[in-house]
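# Chain and residue survey
Letter by letter, the chains look like this.
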Number of protein chains: 2
Amino acid sequence: MDPLTSPLLTDLYQLNMIQAYLDHGETKTAVFEFFVRKLPPRRGFLMAAGLEQALEFLENMRFSSDAIDWLARTGQFDKGLLDRLPSFRFTGDVHALPEGRVFFANEPILRITAPMPEAQLAETRLINILHFQSLIASKAARMVLAAPGKLLVDFGLRRAHGAEAGLMAARASYIAGFAGTATILAKEKFGIPVFGTMAHSFVEAYDTESAAFECFARSRPDNLTLLIDTYDTEAAAHKVVALAPRLAELGIKIRGVRLDSGDLIALSRSVRRILDNGGLSEVTIFASGGLDEDQVSAIVQASAPIDGFGIGTSLSTSSDVPALDCVYKLQEYAGLARRKRSTGKATWPGRKQIWRRYDSNGLIDGDVLSLASDTQAGEPMLELVMKAGRRLGPPPTLAEIRARAAQDLKRLPQALRDLNPGATCRVDIADALVRLAAEVDRRIAQRESAAL
Amino acid sequence: MDPLTSPLLTDLYQLNMIQAYLDHGETKTAVFEFFVRKLPPRRGFLMAAGLEQALEFLENMRFSSDAIDWLARTGQFDKGLLDRLPSFRFTGDVHALPEGRVFFANEPILRITAPMPEAQLAETRLINILHFQSLIASKAARMVLAAPGKLLVDFGLRRAHGAEAGLMAARASYIAGFAGTATILAKEKFGIPVFGTMAHSFVEAYDTESAAFECFARSRPDNLTLLIDTYDTEAAAHKVVALAPRLAELGIKIRGVRLDSGDLIALSRSVRRILDNGGLSEVTIFASGGLDEDQVSAIVQASAPIDGFGIGTSLSTSSDVPALDCVYKLQEYAGLARRKRSTGKATWPGRKQIWRRYDSNGLIDGDVLSLASDTQAGEPMLELVMKAGRRLGPPPTLAEIRARAAQDLKRLPQALRDLNPGATCRVDIADALVRLAAEVDRRIAQRESAAL
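Throughout what follows, the structure given in this document is the object of discussion. (Residues numbered from 1 in each chain as written. Chains lettered and ligands numbered in written order. Predicted model: local features only at pLDDT ≥ 70, side-chain atom pairs only at ≥ 80, totals over all residues.)

## Side note on the overall build of chain A
What counts is decided by this rule: Helix and strand labels come from DSSP, where a helix needs a run of H or I of at least four residues and a strand needs a run of E of at least two; each type is numbered from the N terminus. Exposure is read from a count of other C-beta atoms within 10 Å of each residue's own; the residue is exposed at 12 or fewer, buried at 20 or more and partly exposed in between. C-beta atoms are placed from the backbone. Once C-beta atoms are placed from the backbone, any two residues with those atoms within 7 Å are in contact.
Each helix and strand counted, chain A has 16 helices and 19 strands in total. For chain A, the C-alpha atoms occupy an extent of roughly 85 × 60 × 40 Å along the three principal directions. By the burial criterion, 54% of the 452 residues in chain A qualify as buried. Of all intrachain contacts in chain A linking residues separated by at least 6 positions in sequence, the fraction that spans at least 24 positions is 73%.

## Some thoughts on the packing of helix α5 (residues 116–146) of chain B against helix α12 (residues 293–301) of chain B
Residues and elements named next belong to chain B. So the rule is basically this: To get an axis, a line is fitted to the C-alpha atoms, and for a helix only the part in contact is used. The angle between two axes follows their N-to-C directions and goes from 0 to 180 degrees. For classification purposes, an angle smaller than 35 degrees is called roughly parallel, one larger than 145 roughly antiparallel, one from 65 to 115 roughly perpendicular, and anything else oblique. Three classes are used, and their members are as follows: Ala, Val, Leu, Ile, Met, Phe, Trp, Tyr, Cys and Pro are nonpolar, Asp, Glu, Lys and Arg are charged, and the others, Gly among them, are polar.
Two elements in contact, α5 and α12, have axes whose closest approach is 9 Å; the angle formed by their N-to-C orientations is 5 degrees. Relative to α12, α5 is oriented roughly parallel. Note on element contacts: α12 touches α5 through E293, V296, S297 and V300, opposite R142, M143 and A146. Taken together, the residues of the contact of α5 with α12 sort by class into 4 nonpolar, 1 polar and 2 charged.

## Quick word on the interface of chain B and chain A
Facing the 87 residues of chain B at the interface are 87 residues of chain A. Counting residues per element, the side of chain B that touches chain A draws most heavily on helix α1 (residues 12–23) of chain B, at 8 residues. Class assignment for the residues of the side of chain B that touches chain A results in 38 nonpolar, 29 polar and 20 charged.

## What to know about the pairing of strand β3 (residues 93–96) of chain B
All names here are of chain B. Note the following rule: Any two strands with at least two DSSP bridges between them are considered paired.
Pairing analysis gives 4 bridges linking β3 to strand β5 (residues 110–115), with the strands arranged antiparallel. Bridging from a neighbouring strand, H95 pairs with R111 of β5. In terms of strand pairing, β3 meets strand β17 (residues 383–387) through 3 bridges, oriented antiparallel. The residue bridging H95 from the neighbouring strand is L384, located in β17.

## Observations concerning the packing of helix α6 (residues 163–176) of chain B against helix α14 (residues 398–410) of chain B
Residues and elements named next belong to chain B. Where α6 contacts α14, the axes come no closer than 7 Å and their chain directions differ by 50 degrees. Taken together, α6 and α14 sit at an angle that is classed as oblique. In this structure, α6 contributes Y174, I175 and A176 to the contact, and α14 contributes L398, I401, R402 and A405. Its residues placed into classes, the contact of α6 with α14 shows 6 nonpolar, no polar and 1 charged.

## Overview of the relation of the copies chain B and chain A
Condition: What sets the superposition is a least-squares fit of C-alpha atoms, and only residues with pLDDT of at least 70 in both copies go into it.
Rotating chain B by 180 degrees and moving it 0.0 Å along the rotation axis overlays it on chain A with an RMSD of 0.0 Å. In symmetry terms, the pair is related by a two-fold rotation axis. Most of the interface of chain B is mirrored in chain A, where 100% of its interface residues again form contacts.

## Some details on the sheet that holds strand β8 (residues 224–227) of chain B
Residue and element names in this part refer to chain B. The strand order across the open sheet built from 6 strands is β7-β6-β11-β10-β9-β8, with neighbouring strands paired in parallel fashion. Each edge of the open sheet carries a strand with a single partner, namely β7 (180–181) and β8. Docked against the sheet, helix α10 (residues 233–249) engages β8 and β9 (254–259), running at close to 170 degrees with respect to β9.

Remember that the coordinates give geometry; whether it matters functionally is a separate question.
The structure is reproduced here in structure tokens:
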């Protein structure tokens with residue numbers, strides 16, 4: 001069974017609860033919302049991503065006969081449940097914040113309205129999908145803000161957490177404004193531009209560095225970027241200068257060199273000088289090697305002559321913040337608002353909407369969180385994207401999503417753009433929501449006391 | 001194309017280099033080794049995992065006609081490469097540290113000996129597979145050491161980085177000594193025991209908490225664990241006591257309660273008292289809710305009456321250390337040892353072996369890293385597991401791997417077992433290795449100067 005599409009890629013308790021719901025006829029309409037409880041350290045905003053894959057998951061959520069046979073063989077599930085599984089489909093509605101948009105703590109970016117068993121079964125994988133891409137888009141956005149005008153490329157596949165993480169990190173970072181990725185499959189699946197240079201092993205395999213450069217250039221003359229730090233970076237830069245005329249005779253142009261170790265600021269300056277003195281002022285300098293947004297920012301602040309960055313592990317694992325405190329919570333069932341009141345984890349009940357307000361410069365001025373039925377001033381952020389299990393229209397292209405992300409990043413006030421943000425956006429909780437929470441609490445208390 | 005098996009889930013530069021290697025006939029035998037350059041903060045040891053999936057990947061590494069057609073359509077690859085792809089197979093040898101074994105910095109846990117294009121193409125996904133499972137097994141081992149005798153369950157799927165990460169975190173943590181996982185697919189794929197309780201949404205969907213408990217108990221009477229923190233934990237514990245006799249009449253036994261928020265030490269004590277006073281001394285207390293090994297350790301040190309822990313995000317993302325500084329480096333090509341000398345990233349050349357020595361109590365006393373040909377005292381750690389592309393025997397069972405992991409954890413000296421390890425294991429570099437590195441450097445220098 002393919003873990004990417006298997007309905008068994010879920011928590012056991014989901015099937016346990018569905019069995020109980022079916023046994024007791026609790027299949028009325030449930031409303032769940034996905035949101036981040038609080039922003040992690042050093043994040044003034046987050047960026048939504050992964051909706052496309054979340055909708056694909058909902059459209060394809062079904063149990064193969066293999067999966068049903070396996071569940072039956074475990075002997076842990078009743079006929080009442082097993083008989084329902086062949087026809088199990090997601091038939092609900094989805095409201096969502098479009099991908100690429102910026103959001104803040106407590107703001108739902110997805111709302112599911114569906115019969116309880118469907119809404120419940122979707123939980124684990126929906127969180128798994130939305131959490132990861134939003135995590136990476138949010139991290140990548142920091143890099144984009146730290147390096148305006150620089151070429152940023154995702155180099156993170158090898159240390160991403162598995163195959164899907166590597167692929168989806170390429171997508172999420174591209175949404176946030178990266179120029180592309182090294183991951184070939186991301187081009188095949190999503191049309192994302194791919195970039196590639198050479199590895200140290202290639203240089204080492206040849207008798208001399210120059211021989212390695214020349215062999216590579218002859219075989220891969222397009223967008224030729226030579227890796228120059230295998231033995232001695234400055235010496236290698238001189239070899240590049242010496243090689244350039246010979247390659248030029250063959251009609252091969254060196255596009256760039258890559259630095260992958262050492263003091264990148266100092267080396268980029270000396271390499272730039274060597275290249276310029278050798279008549280290679282058009283050859284760009286690309287840097288990689290354990291970079292994160294802080295190092296990229298320091299390089300940019302120092303005006304080091306680096307034109308682009310390959311960013312790997314820190315991007316694809318969101319290394320300083322490898323997880324968001326996100327949840328998928330029941331907000332309404334059978335027409336009544338619901339909330340949990342666990343210590344430190346209480347939630348706002350009901351079907352919600354975010355309204356966003358902008359200042360006279362078009363910058364985000366603050367959001368209001370209220371019930372969807374309680375219209376507020378500002379831009380309503382959540383849109384209906386799926387009705388009765390079917391999408392309302394074709395998905396936006398990645399180019400459209402990228403444009404949306406770029407626009408939202410432009411709308412961030414300075415305090416939120418900083419790598420060490422001084423603030424986050426103000427999110428006001430509307431009176432209607434506060435009143436509803438109190439109402440839910442009263443109802444719970446009444447019923448509990450009546451039950452005693 | 002399935003990202004889990006597609007040969008396009010790799011970096012573009014791998015195909016670029018392979019094209020260049022084929023063009024220039026550089027298809028001689030290459031030796032690459034995978035190792036961690038240095039231990040991350042707060043890690044005195046690491047645990048190897050993921051070899052089984054790495055070998056599966058190598059056995060199945062091939063280009064489908066879809067993948068080849070797509071590569072041809074990009075127009076970026078020459079006929080010389082495209083024609084080779086249909087018959088492309090991994091035909092090399094693999095030496096590896098068995099899964100579940102403990103290792104340290106600079107120690108190779110995998111060695112690939114294969115024609116250069118095969119060894120090179122494998123790089124990205126091999127790192128992707130071995131890095132993640134070793135990362136998670138190493139994190140899980142800390143939790144196992146922090147909570148001796150406690151039931152530990154992986155709850156990490158929802159915030160794992162994608163589908164594969166969620167599934168493989170279940171496997172890696174089970175290897176390290178977890179009792180099981182909440183992820184159903186991990187049982188279907190690997191036979192790992194699954195555990196499941198109920199969610200807050202289930203409690204909220206019912207008019208009263210007691211009604212929710214009773215409905216759930218009637219539907220899922222086996223291994224019944226009730227979640228008691230949705231509204232008021234102590235009040236819910238009293239409800240469990242009141243419900244127990246009614247359930248007992250139906251032949252249903254409450255196995256446990258789960259706490260998911262609040263002060264777990266204090267709540268576990270008051271809940272234990274309530275349960276004991278209500279005649280439910282056999283009902284266990286299970287805790288979850290953003291736990292990591294430090295919190296688990298504090299709970300255990302406080303002798304809080306908690307019998308087991310569900311651990312999610314901190315486990316499945318290895319949240320304090322979401323990546324290891326691991327690499328896959330060329331050690332030999334065409335019969336000559338190789339190394340890179342990049343600043344801060346120089347490698348030891350040649351085909352290596354680890355020899356491990358134990359003290360009189362059977363604890364790990366120190367390792368020696370040398371050339372495989374330079375036999376040392378101690379236990380040789382790397383084994384030949386694949387010859388000419390075929391496995392030497394059936395893979396070990398997960399039970400065998402778990403036993404190996406448990407044995408290696410027992411062999412750790414106290415300084416390495418601590419959550420804040422005072423030390424790591426001493427790894428001596430044998431003279432033979434130092435001499436070979438100097439030889440390689442001399443050869444590189446001679447050839448470079450001859451080329452001037």
